Amino acid sequence: MTLPSPTLLAQAILSGVFVGALYGLLGLGLSLSWGLLRQINLAHFALAFLGAYLTYQLATAAAIDPLATLLIIAPIFFVLGAAIHWLLSRFAVTPLNSLLVTFGLTVIVESLIQWFWTADYRRLGSHYADITFRAGPLFIPLPELLTFALSVVLCVSVWATLRYTDIGKAIRATAEDAPIAAAFGVNQRRVAILLSGVCAALAAAAGLCLALTYTLTPSQIYAWIGVVFAAVMIGGLGSALGPLVAGIVIGVSEAITMTLTAPSWAPLVSFSLLIVVLLVRPGKA
Amino acid sequence: MLFAAVALALATLPFFRLPAFYETFLYLMFHWIVLATSWNILSGYSGYVSFGHGAFFGLGVYATATLAARYRWPFLATLPVAALVAAMVGIVLGAVVFRVKRVRGELFALLTLAVTFVLATVILNTPIDGGPGVYLSAVPIPHIGATPASTFYLLELAAAVITLAIAWWIARSRLGSGLFAIHDDEDAAEVLGVPTFRCKQVAFAISCGLAGVAGGIYALFVSYVTVSETFSITVPLTVVLMSVLGGTRHWAGPAIGAAAITVISYTATAGDHVLAGKAAIGIILIAVILFMPDGILGTLLVRRARSMRAAPAPDTLPAKSADFPSPVRASPLRGSGARLLYLRDVSKSFAGVQALDRVDLDVYRGEILGLLGPNGSGKSTLINVVSGHHQLDGGSIVFEGQTVERWPAHRVARLGLARTYQIPRPFAHSSVLDNVVLTAMFGAAALPRPEATSEARRWLEFTGLSAKAEALPADLNLHQRKFLELARALASRPRLLLLDEVLSGLTPAEIDGAVRLILRIRDQGTTIVLVEHLMRVVMALSDRIVVLDQGHVIAEGPPTEVMAQAAVKAAYLGTGVDAAG
């Protein structure tokens, strides 16, 4: 094994940070709904890809700036997320069954995407894609930088909202002990609907980032599940900053593994981490 | 019988020389029946939902691919190895995972999924595959049927028959009863005598081995295997879908689900509606979980059981006669003086709270020991450490002359200890009768199923629950559920019975009945430790009383003497200002 040059390694770490930020952004919505609503929403990935395809569609067909599409897609997704939550809470499904129901939704969304956009690769050709900054010997592509910025801004704002605002406190109280929170005047249903709507809107944001940086194909929905779950579990359920930090750690370790060995070894890192975390993490995860 | 007849009829199918298309379709159906049914043996029966079935299937695929393509083994010889490799990996994984109490439910699902991807990565990057995939086109197909299609059909039919027979047998065996109990309440199952760790290990090994066989056959069937196809997320998700659709508590459920899904997707593929078929499967999955959470077969069986239960059953009263089997085989005399259980220096703390602090306690054969103390004094913790629910921080527990504090709970139960829970913890999906049969099979009595069933019926009669034998625990009222706890504990024929507030929440009339019952249990030779708040009952029943306060034993002796002591009054009524100094 030859050691790569420092520049190559630094570039790898940088790209690890960028992909890790996307793990964190995808994990944010998943973590919130799992940790705070006890719903394991596999459809989160399907929604993110649906968002990505919608961004692609609006940007190519209607020539809307990709970033502006979020203003249209996010509100629609908010309603979608609220509807999914209504369905899950209406039938009082267990966490495990929520995983299965949302898997069903994922399959349906995947079929829909494939029907509209076919299984061919789609690549959003935006003007952002051509811009690359240079910092010394390192290259920083603008789409990746936008992803990173969006991810950090959203994770921090969600964290701050949960921590400092009244609605955030109500959400955390409901997650901790719903009947007691209700006794203190928290409208559980409204809080939960709001939160699931936000989670879906976050999926739209993640979808925008996917469209900016990746080539899209419907089956890619499943490629992200494992590693994002790893980020969520390591970062802590219900945490807003945890998945981002864990995502970046995973992204960087993957990038280093890829540079040192072969790209195909990358999954070993995240999944071994996930296994270790599941086995040794003290207390209730 | 019907099953064997169908299997035989299917085995003659190749003689009709149908187009290969039918045999291939049926091959695929049996393939999924094997995978879904084998998955169900651990995940459906015990509730440990695995998303890692693809890993064990994949191990079988690559075991056969490697041995047959690279080392030129005859194909049929590779199948046992495929099963063995998958089962061994399952055993190693289980040995680690099943020891971690926390990894249940969705965490177990995630962990097994992660294991799938780790295995896939390793196989992809090592010479086992190396990246380009493995070709089996040069591997000779054994001449079992006239054509390759017939051969695969017959092989997979055999695999499906064996798998279903194993699933059927397990559902009726001790192992199955243990797994169903684990599904409903694993901790209670362990305390009642079910060796939960071993049950899960055996079920996992069988489940993985069968998936390995399906993988081995599949490798030759597709004749070219790649890591990305083999270890994809489709296998685990499809088997979960099939099993949930069919019903996971019945051995035949997954097979029904597998048949239904294969027909739907094959029809869709043949009719060029691949996407519609896929979406339909998604919709079916959602509909089944929301409207039929027990699956097709589960829903049908519940309905049939309901209609059978609707038939009026004679209302039996608690039996008055004394012709019940003695819970202990050699009944010692009451208060014979021999120590049955003693605790020395037993300590236990929870996150800084010292629940038990160097407690010494003796329980003599044949007595009823009343355990008293205010809320939080450590009574329930004491019951929990003796029954093996909690590990000790220090000290020793000797029961029947054996030092048991490091034993798993089920071994203590097997030695003759039984307990009830303050809040009843019946196995919710088993009938009242089956709840009791379980402890007769797994507790100190360790009876085979037929004897355990008649034993259980006797204890249901003893506790007046005979009329409810076929009901589910949810159909019982609190009083009946408490008595079910009692019946369940008694059916194990314990030497020592720990009763944790069996009377709380009962009406005065029900309490009087329960007191008579407890006295009858003791008269049969069972030693009883009674945790109770109702002073009237404790005074009437106990031969001796031990009072706990803040984790210490503060008094011990005959009831009237103990209750007269100042420390006991202080613990119950609070300390006066002057007394506190």
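Residues numbered from 1 in each chain as written. Chains lettered and ligands numbered in written order. Predicted model: local features only at pLDDT ≥ 70, side-chain atom pairs only at ≥ 80, totals over all residues.

S.K.: Would you take a moment to explain the overall build of chain A for this structure?
M.R.: A tally of regular secondary structure across chain A gives 11 helices and 2 strands. If you list the helices and strands of chain A from N to C, you get α-α-α-α-β-β-α-α-α-α-α-α-α. The C-alpha atoms of chain A give a radius of gyration of 19 Å, which matches the 19 Å a tight globule of 285 residues would have. For chain A, the proportion of contacts with a sequence separation of at least 24, taken over those separated by at least 6, is 78%. (Helix = DSSP H or I, 4+ residues; strand = E, 2+ residues; numbered from the N terminus. Rg over C-alpha atoms; globule rule 2.2 N^0.38 Å. Contact = placed C-beta atoms within 7 Å.)

S.K.: Would you mind going over the sheet that holds strand β12 (residues 552–557) of chain B with me for this structure?
M.R.: The strands that make up a sheet are held in pairs by hydrogen bonds between backbone atoms, and each pair lies either parallel or antiparallel. Residue and element names in this part refer to chain B. Sheet architecture is open: 6 strands sit in the order β8-β9-β10-β5-β11-β12, paired in mixed fashion. Since the sheet does not close on itself, it has two edges, and those belong to β8 (417–419) and β12, each with one partner. Taken pair by pair, the neighbouring strands of this sheet meet at an average axis angle of 20°, ignoring direction. Note: strand β11 (residues 544–549) against β12, 5 bridges, orientation antiparallel. Within β12, the residue paired with D549 across the bridge is H552. (Pairing = 2+ DSSP bridges. Axes fitted to C-alpha atoms, helices over the stretch in contact; angles between N-to-C directions.)

S.K.: I keep staring at the interface of chain B and chain A and nothing clicks. Help me out?
M.R.: Interfaces are frequently sized by the accessible area removed from exposure as the parts join. Contact with chain B, which involves 34 residues of that partner, is made by 35 residues of chain A. Elements supplying a minimum of two residues to the side of chain B that touches chain A: α5 (105–125), α10 (234–246) and α12 (274–291) of chain B. By residue number, the principal contributor to the side of chain B that touches chain A is α5(B), which donates 13 residues. Class assignment for the residues of the side of chain B that touches chain A results in 26 nonpolar, 5 polar and 3 charged. (Nonpolar A, V, L, I, M, F, W, Y, C, P; charged D, E, K, R; others polar.)

S.K.: I keep staring at the domain arrangement of chain B and nothing clicks. Help me out?
M.R.: Residue and element names in this part refer to chain B. Partitioning chain B into domains gives domain 1 (39–232), domain 2 (339–416 + 495–580) and domain 3 (427–494). Placing a centre on the C-alpha atoms of domain 2 and another on those of domain 3 gives a separation of 24 Å. Each side of the interface is counted separately: domain 2 has 14 residues, and domain 3 has 13 residues. Of the residues in the side of domain 2 that touches domain 3, the class split is 8 nonpolar, 3 polar and 3 charged. (Domains from an automatic or database assignment.)

S.K.: I tried to follow the sheet that holds strand β7 (residues 402–403) of chain B on my own but got confused; where do I start?
M.R.: Residues and elements named next belong to chain B. Sheet architecture is open: 4 strands sit in the order β4-β3-β6-β7, paired in antiparallel fashion. Two strands close off the open sheet at either side, each with one partner strand: β4 (353–364) and β7. Alignment of strand β6 (residues 394–399) against β7, held across 2 bridges, turns out to be antiparallel. Following the sheet pairing, F399 is matched in β7 by Q402. Relative to β4, helix α14 (residues 379–386) is tilted by about 65°, and along the sheet it contacts β3 (339–350), β4 and β6.

S.K.: Would you mind showing me how to read unusual backbone geometry here?
M.R.: Note on backbone geometry: most residues besides glycine have negative phi, and most peptide bonds are trans. Residue and element names in this part refer to chain B. Located in the positive-phi region is D345, a residue other than glycine, with phi close to 60°. In this structure, D345 sits in strand β3. Residue classification places D345 among the partly exposed positions, given that 13 C-beta atoms sit within 10 Å. Positive phi, normally seen in glycine, also occurs at R358, with a value near 50°. (Buried ≥ 20, exposed ≤ 12 C-beta atoms within 10 Å, placed from the backbone.)

S.K.: For this particular structure, what's the right way to read the packing of helix α11 (residues 253–270) of chain B against α12(B)?
M.R.: The axes of two packed helices give the description: the angle between them and the distance between them. Residue and element names in this part refer to chain B. For the pair α11 and α12, the least separation of the axes is 7 Å and the interaxial angle reads 155°. In terms of axis orientation, α11 runs roughly antiparallel to α12. Relative to α12, the crossing made by α11 is right-handed. In contact with I261, I264, S265, A268 and T269 of α11, α12 contributes V274, A276, G277, A280 and I281. Looking at the contact of α11 with α12, its residues break down into 7 nonpolar, 3 polar and no charged. (Parallel < 35°, antiparallel > 145°, perpendicular 65-115°, else oblique. Left-handed = near helix turned anticlockwise from the far one by under 90°.)

S.K.: Looking at this structure, I do not really get the environment of A129(A). What am I missing?
M.R.: Residue and element names in this part refer to chain A. Within the secondary structure, A129 is located in the loop between α4 (95–117) and β1 (132–135). According to the C-beta neighbour criterion, A129 is partly exposed, with 15 such atoms within 10 Å. Separated by 121 residues in the primary sequence, A129 and I250 place their C-alpha atoms 25 Å from one another.

S.K.: Even after reading the chapter, I still don't get the packing of helix α4 (residues 75–97) of chain B against helix α8 (residues 196–222) of chain B, so can you show me in this structure?
M.R.: All names here are of chain B. It is at 7 Å that the axes of α4 and α8 come closest, and there the two elements cross at 145°. Note on packing geometry: the crossing formed by α4 with α8 is right-handed. Across from F75, T78, L79, A82, A83, V85, A86, A87, V89, G90, I91 and G94 in α4, the residues of α8 making contact are K200, Q201, F204, A205, C208, G209, A211, G212, V213, G215, G216 and L220. When its residues are assigned to classes, the contact of α4 with α8 shows 15 nonpolar, 8 polar and 1 charged.

S.K.: Help me understand the nonpolar core in this model?
M.R.: For soluble globular proteins, nonpolar side chains are generally found buried alongside one another. Among the nonpolar cores identified, the biggest contains 290 residues, and F49(A), A205(A) and A487(B) are the most heavily contacted of them. With 17 residues, the top contributor of residues to this core is helix α8 (residues 188–213) of chain A. Those residues within four positions of A487(B) in sequence are excluded, and the remaining contacts are V436(B), W459(B), L460(B), F462(B), T463(B) and L465(B). (Core = buried A, V, L, I, M, F, W, Y, C linked by C-beta atoms within 7 Å.)

S.K.: Is there a simple way to explain α4(B) in this structure?
M.R.: An α-helical segment advances 3.6 residues per turn. Residues three or four places apart therefore align on the same side. Between its first and last C-alpha, α4(B) extends 33 Å over 23 residues, near the 33 Å set by a 1.5 Å rise per residue. Packing partners of the buried residues in α4(B) comprise α3 (53–70), α5 and α8 of chain B. (Expected span 1.5 Å × (residues − 1).)

S.K.: Would you explain the environment of A567(B) in this entry?
M.R.: Residues and elements named next belong to chain B. Residue position: A567 is located in helix α22 (residues 566–573). A567 sits in the partly exposed class, given 14 other C-beta atoms within 10 Å. Apart from the residues lying within four places of it in its own chain, the contact partners of A567 are I554 and A555.

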